[in-house]
Amino acid sequence: MIEWNEIYSLGIPEIDAEHKKLIDIINKAILAKEHNDNPEELEEVLNEMTKYAQTHFATEELYMAKFNYQGYQYHKQEHLDFATKIKAYESGLINADYHIADEILGYLRKWLINHILKTDKKYVDCFRENGLMGETEDQEKTKQGEEPDRRQFERRRGLGRRRDKDSEK
Ligand code: FEO
């Protein structure tokens, strides 16, 4: 099982929540293999992964396009390669090729963690410069019926301390 770890956090609540959901789906696939060894269940989980990955990739690609992110094309290609691979695995399972189950699980774990830590992390500065992080934090709070607290958010990001010191001068 994969446990969420803060090193996977991009500091963007909307995207972190989607990555957590992707990890949940991978964990479902691991359970389907470990507990039931049931090809149909694993196939269903892969189908869920295909659908949710599309939703998540669309979120990131929308922001990348909106912010004219330089690495957009390369990043989008990684997303496409993943979607193609998962479709191929799904077809393999449909054709009763269940011995690939371990390979599928290995691929899912490795791809997602590598992608978050290497490829996704590269857009964080661009998204931050375009104000996404503050906005999404505020949106999260607003959704929960709380007043956005930018100062608390900035302190968490390591910005508040600098501002506090400046105001002490
Ligand atoms: Fe979070 Fe680029 O996938």
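One structure accompanies this document, and this report is about it. (Residues numbered from 1 in each chain as written. Predicted model: local features only at pLDDT ≥ 70, side-chain atom pairs only at ≥ 80, totals over all residues. Heavy atoms only, no water.)

### Looking at the packing of aromatic side chains
Then comes step 1: One pass over the structure, following the stated rule, counts 11 aromatic pairs.
Then comes step 2: Aromatic side chains phenylalanine 67 and phenylalanine 127 sit 5.4 Å apart centroid to centroid with 75° between the ring planes, which places their arrangement in the edge-to-face category. Of the two residues, phenylalanine 67 is situated in the loop between helix 2 (39–66) and helix 3 (72–94) and phenylalanine 127 in helix 5 (residues 124–129); the sequence distance between them amounts to 60 residues.
Then comes step 3: Here the aromatic cluster, defined as three or more aromatic residues joined through ring pairs, consists of Phe57, Phe82, Tyr89, Tyr107 and Trp111.
Then comes step 4: Sitting over the face of the ring of tyrosine 52, lysine 21 holds its NZ or CZ atom 5.6 Å from the ring centroid.
Then comes step 5: Between the NZ or CZ atom of lysine 85 and the centre of the ring of tyrosine 107, over which it lies, the distance is 5.6 Å. (Phe/Tyr/Trp six-rings, centres within 6.5 Å; stacked < 30°, edge-to-face > 60°. Helix = DSSP H or I, 4+ residues; strand = E, 2+ residues; numbered from the N terminus. Lys NZ or Arg CZ within 6 Å of the ring centre and 35° of its normal.)

### Description of the packing of helix 2 against helix 3
Angle between the axes and distance between the axes are the two parameters that describe a pair of packed helices.
Then comes step 1: For the pair helix 2 and helix 3, interaxial distance at closest approach is 10 Å and the crossing angle is 170°. Classified by the angle between their axes, helix 2 and helix 3 sit roughly antiparallel to one another. Relative to helix 3, the crossing made by helix 2 is left-handed.
Then comes step 2: Taken together, the residues that form the contact of helix 2 with helix 3 break down as 14 nonpolar, 4 polar and 6 charged. (Axes fitted to C-alpha atoms, helices over the stretch in contact; angles between N-to-C directions. Parallel < 35°, antiparallel > 145°, perpendicular 65-115°, else oblique. Left-handed = near helix turned anticlockwise from the far one by under 90°. Nonpolar A, V, L, I, M, F, W, Y, C, P; charged D, E, K, R; others polar.)

### With respect to the nonpolar core
Then comes step 1: Counting residues in hydrophobic clusters, the biggest one holds 43 residues, and the most contacted among them are Ile12, Met49, Phe82, Leu108, Tyr123 and Phe127.
Then comes step 2: Looking at this core, the elements with two or more residues in it are helix 1 (13–36), helix 2, helix 3, helix 4 (101–119), helix 5 and helix 6 (132–143). (Core = buried A, V, L, I, M, F, W, Y, C linked by side-chain atoms within 4.5 Å. Buried < 20%, exposed > 50% of the residue type's maximum accessible area, 1.4 Å probe, protein only.)

### Overview of unusual backbone geometry
Then comes step 1: Its identity is not glycine, yet asparagine 68 carries a phi of approximately 50°, on the positive side.
Then comes step 2: Residue placement: asparagine 68 occurs in the loop between helix 2 and helix 3.

### Some remarks on helix 2
Then comes step 1: Spanning 28 residues, helix 2 covers 40 Å between terminal C-alpha atoms, matching the ideal 40 Å at 1.5 Å per step.
Then comes step 2: Backbone geometry just after helix 2 places asparagine 68 at a positive phi near 50°. (Expected span 1.5 Å × (residues − 1).)

### Topic: the pattern of salt bridges
Then comes step 1: In this structure the tally under the stated criterion is 5 salt bridges.
Then comes step 2: When the shortest N-O distance is used, the salt bridge between lysine 33 and aspartate 102 registers 3.7 Å. Remark: aspartate 102 occurs in helix 4 and lysine 33 occurs in helix 1; sequence separation between them is 69 residues.
Then comes step 3: Note that glutamate 90 and lysine 87 form a salt bridge whose closest N and O atoms lie 3.8 Å from each other. With a gap of 3 residues between them, glutamate 90 and lysine 87 both fall in helix 3, about one helical turn apart.
Then comes step 4: When salt bridges that share partners are traced, they join Lys21, Lys28 and Glu48 into one network. (Salt bridge = Lys/Arg side-chain N within 4 Å of Asp/Glu carboxyl O.)

Function cannot be read off these values alone, since they describe shape.
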